[in-house]
Amino acid sequence: MSDSQVPSSSGQGAGGRRRSWAELLAGRVKRQKYNPERAQKLKESAVRLLRSRQDLSALLLEVEGLQCKKLCLSNLIDCGSSEAHANHSSSFIGSALQDQASRLGVPVGILSATMVASGVGQICAAPVDPSHPVLLTVEQRKKLSSLLEVAQYLLAHNMFSRLSFCQELWKIQNSLLLEAVWRLHVQSIVSLQELLESHPDMHGVGAWLFRNLCCLCEQIEASCQHADVTRAILSDFVQMFVLRGFQKNLDLRRTVEPEKMPQVAVDVLQRMLIFALDALAAGVQEESSTHKTLRCWFDVFSGHTLGSIISTDSPKRFFSHTLTQILTHSPVLKASDAVQMQREWSFARTHPLLTALYRRLFVMMSPEELVGHLQEVLETQEVNWQRVLSFVSALVVCFPEAQQLLKDWVARLMAQAFESCQLDSMVTAFLVVRQAALEGPFAFQSYADWFKASFGSARGYHGCSKKALVFLFKFLSDLVPFESPRYLQVHILHPPLVPSRYRSLLIDYISLAKTRLADLKVSIENMGLYEDLSSAGDITEPHSQALQDVEKAIMVFEHTGKIPVTVMEASIFRRPYYMSHFLPALLTPRVLPKVPDSRVAFIESLKRADKIPPSLYSTYCQACTTAEAKLEDAALGVRADPSCAEEPLGQLTAALEELRASMTNPSQHDVISAQVAVISERLRAALGHSEDDSVEIAKVQLSIDAPRLEPREHTAVDLLLTSFCQNLMAASIVAPPERQGPWATLLVRTMCGRVLPAVLTRLCQLLRHQGPSLSAPHILGLGALAVHLGESRSVLPEVDVGPPAATVGLPVPEFFENLLTCRTRDSLLFCLKFCTAAVSYSLCKFPSQSLGILCSCLSSGLIKKFQFLVLRLFPEARQPLYREDAASLSWRPLYLPSADWERAALSLWTHRTFQELLKEEDVQLTYRDWLYLELEIRPEADALSDTERQDFHQWAIHEHFLPKPSASGGCDGDLEAACTILVNALMDFHQSSRSYGHSENSNWVFGGHTGNEDIISRLQANNKSTKTTCDAITISKLWDTQNLKIQKIDQARFRRLRRADHEVRTSTPT
């Protein structure tokens, strides 16, 4: 019975014959009424089923066997066969596909899409170059190009289904090459967006793209012959991801699932960034495959990769999203960990790849936006403190204006913290300030200065109430177990100002901090005089710190001529360290030099001030004598290894060379600020300074007539100045000064700290004593350096150059003016060159600045000297200058090897902006100024002959200054006034000459200086009228009066000298 039921259930007839699929359907057709609409819907449903569910290739093989292969697809893609190319044209293939589709009963678009996808799969499945796993070989490119030509024909004639093609491609995903996908996009077969949207698994396509992009980045860095192709592939993919993933208003046309493409784009970019951050956290090795991949991927954040979409808002949103991910990825560290470890996260110690990424992100966002974004992230999300603090370091190094922005933000955090006792705001403020201070004073104020400014006065944040005081000391006490000894020392030596009734809070904290220091085996008593309290570095051993203190104290003594206040205070208030460490380090026995040096002078000054015990001094002198005797008797000596001293200088030289290479490479301009930070660090090491020297120089003192430098300072400063001059020449070849970027300002900023006295001393040696021997590149570089130092005049100390300004400090621009003398032919020509270089550079560097700013960079005296020299040396400059004669200023003639100084000076003289500058009252050359400059010149060494000098004097007095209005520095045509000014100038010049210490019998005395008589004779020339005769008599009277005054002054000075000599001779010796 069971056997009889089988046929009906299995589709067999009564005789046991199995009925066909058509016979079964025939019975149902007879029982149903035909409906055309229903038939159309059924057809559409069948096609949709085939598209989405059915394996079309298997179906075709089931229906037709191998007939679909009759089109000879392998011959079609074999573009190497000329016969195949000739016999199988695109039109023939299209016709064949239509016939085949008609016989199969399927749309031609589906059939053609299947065949093209199969062809792409065959091409990609061919053996590839193992060194380039995502790229096609040359042969594969040719075959794919031939295949895509056919696909373009089919598309143009509506015989190609993009959707079916995409679905078929993803079935061979594992063998699909990234370049093949990209070429489908480039040749408009199917766009990357459409192809990715058709993938059924969003996570799967993201993983596939991530793997291929990593391989692509690695191949780009491996100098392959297809670098242009690989970069184009990467650029197109990144542009699409950024544009679709971070577009404000998404374009939803042609999308099956509208939200899929943005999600895929963000997913891929997120995978790449997380891979990079994880690799950096794990410590990626230099030049490893991962390192190459990261370096290439971080380059996508540059403008040339983003290309055409850089003008849209998408890149900025992408950069902002990336910054958020960097700051919040893997937030495993707590604030207490950051307090302990943040010194390891400074800019110089952060991985170069991460700092490079930061600099890329800085390009698209302003400092205000960056600080605001950092503030928003810290307020709303858990953060990775290592990334946050390394970002702060990069911010203050790369943006000078970030210092003030961070100060303002920290001030707001502190106000919020004390207003409502917000611990998070307090922690953030302290961490940010300490991190910024690690980058040195050129980037941010020291932590000690900030702490004193915040809590060292009654106006501090803690002074509002007892609640605020308790909150502060509770916070500081909680930090003690995690604090670096440096910060504890700052808090102890510069404690918060506390009212007397709350003194117990401070005492309890200081006791706790000292206990912690004792546990760490760090003694406050043994702390150095100039110890760096702001850096979080390791505590230096007392002996080593004492040696550093001695060097710095001698340096301060050399520049000020006085015992440093720090040393005097230590001898009283910190006597254990002073007696046990400082004096033994200072009084180390040595062979004394024949000419006493700064160390000898410093020791003698301390002895005279009773700061060295007599017994200790006597022991020191005996040990020095013994050392000298041993040196004479020694047959062999131990020679010090020079490599230890040369190593810091070698590192400084390498850093300076890297800066020059970065300047001349346009693609490396964003690393200049980082490179300058490295130079600053290596300069400190070369000079033996700590990371943050706490010595503040109120005034730089040097001897303008005999400037001296220690050999180490001399070498380091020469490296710095030579590099600056070479950098200027290299940069001027590429661009004029106004388009050279901030390298000069940043480099000069490194000279504005502890190295400034050495720099100014070396400039004094070069400009005042070796000026005429300097080459053109040196003159140009030093002229530009003078401009940039003048630009920073507000933050630089004054310079004391000795007599005649022993009690008056000079601003740095006026210091440069005092270095330039105009006495001989050589000094006149050098002064002209330097003034031309400096003024020309300032006008070219700041073309859009106001005249007041230009005057602030250079002293008025330097501009006056330039006017004096041009008028004196070039007769054509004495002619009236008409508007149409105004010339344009060019930097080019100056930086060329054979600088034409005369042409450059005259070009500057006739420049429109310079002529406008001369209308400023402060820089106008007056009659009195002209006299002082002319009197300095020694006629026997003058650049002008006697006749030329006579013509110049005649023109200057009678044609220029005498008729010139007094408001412009002239005499209003009054000859008597001119004579009065002249005689007073002679008197002043005589007195200043004697104050310089010149001999009474030297040429500086009136009678010996023939230049004075020359000028007098110019005023008395051509006295033919009665009026001029009277004027000549007036001149003689004035002259006699002034000579009588001089004689009286000389007699009084002689009597004082005789009296002093008599007192010395008659005094009894002690």
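Throughout, a residue's number is its position along its own chain's written sequence, starting from 1. Owing to the predicted nature of the model, reporting of local features is limited to residues with pLDDT of at least 70; listing and counting of side-chain atom pairs is limited to 80 or more, with chain, interface and lining totals taken over all residues. The basis for the side-chain values is all heavy atoms of the structure; hydrogens and waters are excluded.

Novice: Provide a residue-level description of the overall build of the protein chain, including the pertinent values.
Specialist: Counting its secondary structure elements, the protein chain contains 51 helices and two strands. We call a residue buried when its accessible area falls under 20% of the maximum for its residue type, exposed when it is over 50%, and partly exposed in between, using a 1.4 Å probe and counting protein chains only. Expressed as a percentage of its 1070 residues, the buried residues of the protein chain come to 49%. By the convention used here, residues are in contact when the closest approach between their heavy atoms is within 4.5 Å. Taking contacts inside the protein chain between residues at least 6 apart in sequence as the whole, the part at least 24 apart equals 75%. When the accessible surface of the protein chain is totalled, it reaches about 51700 Å², and 53% of it is carbon and sulfur. Strands are runs of DSSP state E lasting at least 2 residues, helices are runs of H or I lasting at least 4, and numbering of each runs from the N terminus. Each accessible area is a Shrake-Rupley result for a 1.4 Å probe, and residues are judged covered by the shown protein chains and nothing else.

Novice: Give me the pattern of salt bridges: which residues, what numbers.
Specialist: When a carboxyl oxygen of Asp or Glu lies within 4 Å of a side-chain nitrogen of Lys or Arg, that pair is called a salt bridge. Using the criterion set out here, one finds 21 salt bridges in the structure. Here Asp946 and Arg949 are joined by a salt bridge, their closest N and O atoms 2.5 Å apart. Separated by three residues within a single helix, Asp946 and Arg949 lie in helix H48 (residues 946-961), roughly one turn from each other. Note on Arg949: relative accessible area 5%, which makes it buried.

Novice: Provide a residue-level description of the confidence of the model for the protein chain, including the pertinent values.
Specialist: Summary statistics for the protein chain give a mean pLDDT of 78 and a share of 75% for residues scoring 70 or more. Note on residues 1022-1036: pLDDT is under 50 here. Beyond four places in sequence and across chains, it has 12 contacts. What pLDDT reports is the predictor's confidence in each residue, on a scale of 0 through 100.

Novice: Now, about unusual backbone geometry: what can you tell me, with residues and values included?
Specialist: Phi is positive for Asp610, which is not a glycine, with a value near 60°. One can find Asp610 in the loop between helix H32 (598-608) and helix H33 (614-633). You will see that Asp972, though not glycine, has its phi angle at about 60°, which is positive. Looking at where Asp972 falls in the secondary structure, it is placed in the loop between H48 and helix H49 (975-995).

Novice: Any chance you could break down the nonpolar core for me, citing the residues and the numbers?
Specialist: Where a protein is soluble and globular, its nonpolar side chains tend to be buried together. Working definition of a nonpolar core: buried Ala, Val, Leu, Ile, Met, Phe, Trp, Tyr and Cys residues. They are joined through side-chain atoms within 4.5 Å. By size, the foremost hydrophobic cluster in this structure holds 164 residues, and its most contacted members are Phe165, Phe237 and Phe241. Tallying contributions element by element places helix H15 (residues 260-282) first for this core, with 11 residues. When residues no more than four places from it in sequence are discounted, the contact partners of Phe241 are Leu196, Leu209, Leu213, Phe246, Met261, Ala265, Val268 and Leu269. Judged by nonpolar contacts, the second largest core, of 118 residues, contains Leu746, Ala838, Phe846 and Phe989.

Novice: Please provide a residue-by-residue account of the environment of Val591, values included.
Specialist: The topology assignment puts Val591 in the loop between helix H31 (575-586) and H32. Considered as a pair, Val591 and Ala623 are 32 residues apart in the sequence and their alpha carbons are 9.1 Å apart.

Novice: Run through the environment of Ser191, naming residues and quoting values.
Specialist: Mapped onto the secondary structure, Ser191 falls in the loop between helix H11 (178-186) and helix H12 (192-197). Separated by 29 residues in sequence, Ser191 and Arg162 place their C-alpha atoms 9.4 Å apart.

Novice: Give me the lowdown on the packing of aromatic side chains, citing residues and values where you can.
Specialist: Between rings of Phe, Tyr and Trp, where Trp is taken as its six-membered ring, a pair exists when centres lie within 6.5 Å; planes separated by under 30 degrees are stacked, by over 60 edge-to-face, and by other angles tilted. For the structure on display, the rule yields 39 aromatic pairs. Centroid distance Phe418 to Phe455: 6.2 Å. Interplanar angle 55°. Geometry classified as tilted. In this pair, Phe418 is assigned in helix H23 (residues 402-420) and Phe455 in helix H25 (residues 447-455), connecting sequence segments 37 residues apart. The pair formed by Phe418 and Phe455 is uniform in burial state, with each residue classed as buried. Both rings, one in Phe418 and one in Tyr461, keep their centres 6.2 Å apart while their planes meet at 10°; by these two values the pair is stacked. Note that Phe418 is positioned in helix H23 and Tyr461 in the loop between H25 and helix H26 (466-479), a separation of 43 residues in sequence. If you follow Arg434 out to its NZ or CZ, it ends over the ring of Tyr487, 4.0 Å from the centre. Taking the ring centre of Trp955 as reference, the NZ or CZ of Arg878 above it sits at 5.8 Å. A ring has a charge above it when a Lys NZ or an Arg CZ is no more than 6 Å from the ring centre and no more than 35 degrees off the ring normal.

Novice: Got a sec to walk through the packing of helix H41 (residues 825-845) against helix H45 (residues 901-909)? Specific residues and values, please.
Specialist: Contact geometry of H41 with H45 gives a least axis separation of 10 Å together with a crossing angle of 50°. In terms of orientation, H41 lies oblique with respect to H45. Here the hand of the crossing between H41 and H45 comes out left-handed. Where H41 approaches H45, its residues Leu832, Lys833, Thr836, Ala837, Val839, Ser840 and Leu843 are matched on the opposing element by Trp901, Ala904, Ala905 and Leu908. The convention used is that axes are lines fitted to C-alpha atoms, helices contributing only their stretch in contact, and that angles between N-to-C directions extend from 0 to 180 degrees. With respect to orientation, any angle under 35 degrees is reported as roughly parallel, any angle over 145 as roughly antiparallel, any angle of 65 to 115 as roughly perpendicular, and every other angle as oblique. It is the rotation of the near helix from the far one that decides the hand of a crossing: anticlockwise by less than a right angle makes it left-handed, clockwise makes it right-handed.

Novice: How would you explain the packing of helix H36 (residues 711-734) against helix H38 (residues 756-769) if you had to name every residue and give the values?
Specialist: Where H36 contacts H38, the two axes come as close as 10 Å, and the packing angle between them is 80°. When the axis of H36 is compared with that of H38, the two are roughly perpendicular. Facing Glu713, His714, Val717, Asp718 and Leu721 of H36, the residues of H38 in contact are Ala758, Val759, Arg762, Leu763, Gln765 and Leu766. For this classification, the nonpolar set comprises Ala, Val, Leu, Ile, Met, Phe, Trp, Tyr, Cys and Pro, the charged set comprises Asp, Glu, Lys and Arg, and every other residue, Gly included, is treated as polar. The class makeup of the residues in the contact of H36 with H38 is six nonpolar, two polar and three charged.

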